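Chain by chain, the residues:
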Amino acid sequence: MNKIGDAKRIVFKFGTNILRNEDGEISLTRLYSFIEDISTLKKRGKEVLIVTSGAVGLGAKKLNVDTSASTVLKQAAASVGQQILMSIWQDGFEKYGLSVAQILLTEEDFSNRKKYLSLRNTLSKLLELGIVPIINQNDAVSPSELEHACFSDNDKLSAIVASKLDADLLVMVSDIDGLFDKNPKEYSDAKKIDVVEKVTSKIEKLASGASLGGRGGMITKLLAAKVVTSSGLYAMIVNGKKPQIIKKIFEEENTGTIFLPTKNLSHKKRWIAYATNIMGELTVNAGAKSALVDKQKSLLAVGIVKVEGDFKAGEIVSIFDEQGVEFARAMVNYNSDDCKKIIGAHSDEIEGILGYKTDDDVITKDNLVLL
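Residues numbered from 1 in each chain as written. Predicted model: local features only at pLDDT ≥ 70, side-chain atom pairs only at ≥ 80, totals over all residues. Heavy atoms only, no water.

Please give an account of the UniProt feature "domain: PUA" (unreviewed entry) in the protein chain that cites residues and values.
The UniProt entry lists residues 280–363 under the feature "domain: PUA" (unreviewed entry), expressed in the numbering used here. Counting secondary structure, residues 280–363 comes out at 23% helix and 26% strand; the distance between its end C-alpha atoms is 13 Å. (UniProt positions renumbered as here; feature names shortened; annotations may be inferred. Helix = DSSP H or I, 4+ residues; strand = E, 2+ residues; numbered from the N terminus.)

So what about the packing of helix α3 (residues 28–43) against helix α5 (residues 71–94)? Which residues, and what values?
Packing of α3 against α5 brings their axes to within 10 Å, and their N-to-C directions diverge by 50 degrees. Between α3 and α5, the crossing angle belongs to the class labelled oblique. The chirality of how α3 crosses α5 is right-handed. Of α5, the residues touching α3 (which contributes L28, L31, Y32, I35, I38 and S39) are I88, W89, D91, G92 and F93. In the contact of α3 with α5, the residues fall into eight nonpolar, two polar and one charged. (Axes fitted to C-alpha atoms, helices over the stretch in contact; angles between N-to-C directions. Parallel < 35°, antiparallel > 145°, perpendicular 65-115°, else oblique. Left-handed = near helix turned anticlockwise from the far one by under 90°. Contact = heavy atoms within 4.5 Å. Nonpolar A, V, L, I, M, F, W, Y, C, P; charged D, E, K, R; others polar.)

Tell me what's going on with the pairing of strand β11 (residues 316–320), and back it up with residues and numbers.
For β11, the buried fraction is high: five of the five residues fall into the buried class. Both faces of β11 are covered, namely the face carrying I316, S318 and F320 and the face carrying V317 and I319. Bridge count for strand β9 (residues 280–284) against β11 is four bridges, and the pairing is parallel. Looking at the pairing, E281 lines up with S318 of β11. Looking at chain direction, β11 and strand β12 (residues 326–331) are connected through five bridges and run antiparallel. Looking across to β12, one finds that F320 is bridged to E326. (Buried < 20%, exposed > 50% of the residue type's maximum accessible area, 1.4 Å probe, protein only. Pairing = 2+ DSSP bridges.)

Run through the packing of aromatic side chains, naming residues and quoting values.
Enumeration according to the criterion identifies five aromatic pairs in this entry. Look at F12 and F14: their rings are 6.2 Å apart centre to centre, the planes differ by 20 degrees, and that puts the pair in the stacked class. For the pair F12 and F14, one class covers both residues: buried. Grouped by ring-pair contacts, the aromatic residues F12, F14, F34, W89 and F93 constitute a single cluster. The ring of Y116 has K164 sitting right over it, with the charged end atom 5.0 Å from the ring centre. Across from the ring centre of F327, 5.1 Å away, lies the NZ or CZ of K289, which sits over that ring. (Phe/Tyr/Trp six-rings, centres within 6.5 Å; stacked < 30°, edge-to-face > 60°. Lys NZ or Arg CZ within 6 Å of the ring centre and 35° of its normal.)

Mind laying out the sheet that holds strand β8 (residues 257–259), listing which residues take part and the relevant values?
Spatially, the eight strands line up as an open sheet ordered β3-β4-β2-β1-β5-β7-β8-β6, and their pairing is mixed. The strands lining the two open edges of the sheet, one partner per strand, are β3 (100–105) and β6 (195–196). Helix α9 (residues 155–164) rests against β1 (9–14), β2 (47–52), β3, β4 (132–137) and β5 (169–174) of the sheet, and its axis sits at about 175 degrees to β1.

Got a sec to walk through the pattern of salt bridges? Specific residues and values, please.
What the rule picks out here adds up to 13 salt bridges. Of the charged contacts in the structure, one is a salt bridge between R120 and D166, with a shortest N-O distance of 3.0 Å. Taken as a pair, R120 in helix α7 (residues 113–128) and D166 in the loop between α9 and β5 lie far apart in primary sequence, 46 residues in all. The exposure class assigned to D166 is partly exposed, which follows from its relative accessible area of 31%. (Salt bridge = Lys/Arg side-chain N within 4 Å of Asp/Glu carboxyl O.)

How would you sum up the environment of L179? Please name residues and give values.
Within the secondary structure layout, L179 lies in the loop between β5 and β6. Taking relative accessible area as the criterion, L179 reaches 1% and is therefore assigned buried. Along the sequence, L179 and I319 sit 140 residues apart, while their C-alpha atoms lie 31 Å from each other. With residues near it in sequence (within four places) discarded, L179 still touches K191, K192, I193, V196, I203, L206, M218, L222 and T257.

Encoded structure:
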């Protein structure tokens, strides 16, 4: 897989469990080993972004609190733990003459296109300056991240960062060797799958639940791999408890599980397809679905049968068929109130109903992504 060795821009995601030892303390030996290998990659001219979990766990250990008791305790733990986590990354990279930058994100930073483009520009400039961005969820100020686990222990966050920053490769560093044909903790004859050509529903069924101490699991990693590969990138799951695992990835060894690219969406369509906030839903009839899927047409009001949610023009909505299956996501040209008013109407009737007309289409085909 020479494409892995050729990767220029790489996102590494480190989960909670891989950064801690059995006592819940930070595993300095392991983390410094990651830093050493990443520093070597930097010297070879590669650009690296790090998505790191662990702030809540470290903070809870420091404060000696049970974060399962309440969201506010998790937020307090996150604020304490993030400082500890960041200082370790910073101290480690400074020993190799590298600077880091802390980037704390919430789902709003991606769902608002203006914020997203600003974030993209900032991260691109940091990479241009040779700095290693250290990225985490902003758990201390965003309870939605903790209550709903929007980024699923940073697996989805790392995928979105990789997809939208034009990375070549996402490496999810976990505590398992890769994806297996059955749960290796339950079956001694489980075999590792070296290469996944496409994350299908059959592949997703191989995943089990969340890991102890973290919010993610194999299923969230597979969903992250799906995001990345559909954006034209490679993804990997590797075992961070194996010595020099990062070095081995780029030495063409049979390491972990590799997920191959399936297609390459434009920047705008990546933002639409993997928006973290879906603001509403449109249900369309069979004729409209056929026009969107088979003929790659725009969505007209005449094909809409139901509108749900409260959204503005320019926000992202899901599109469902009459059987309740989501088959597309798109940026909408009209707000929810106006969409409800023009359900079933022909395009030449829109201005008479609303008193204005932005577009003949409720959704333009260039702003729609089929799932």
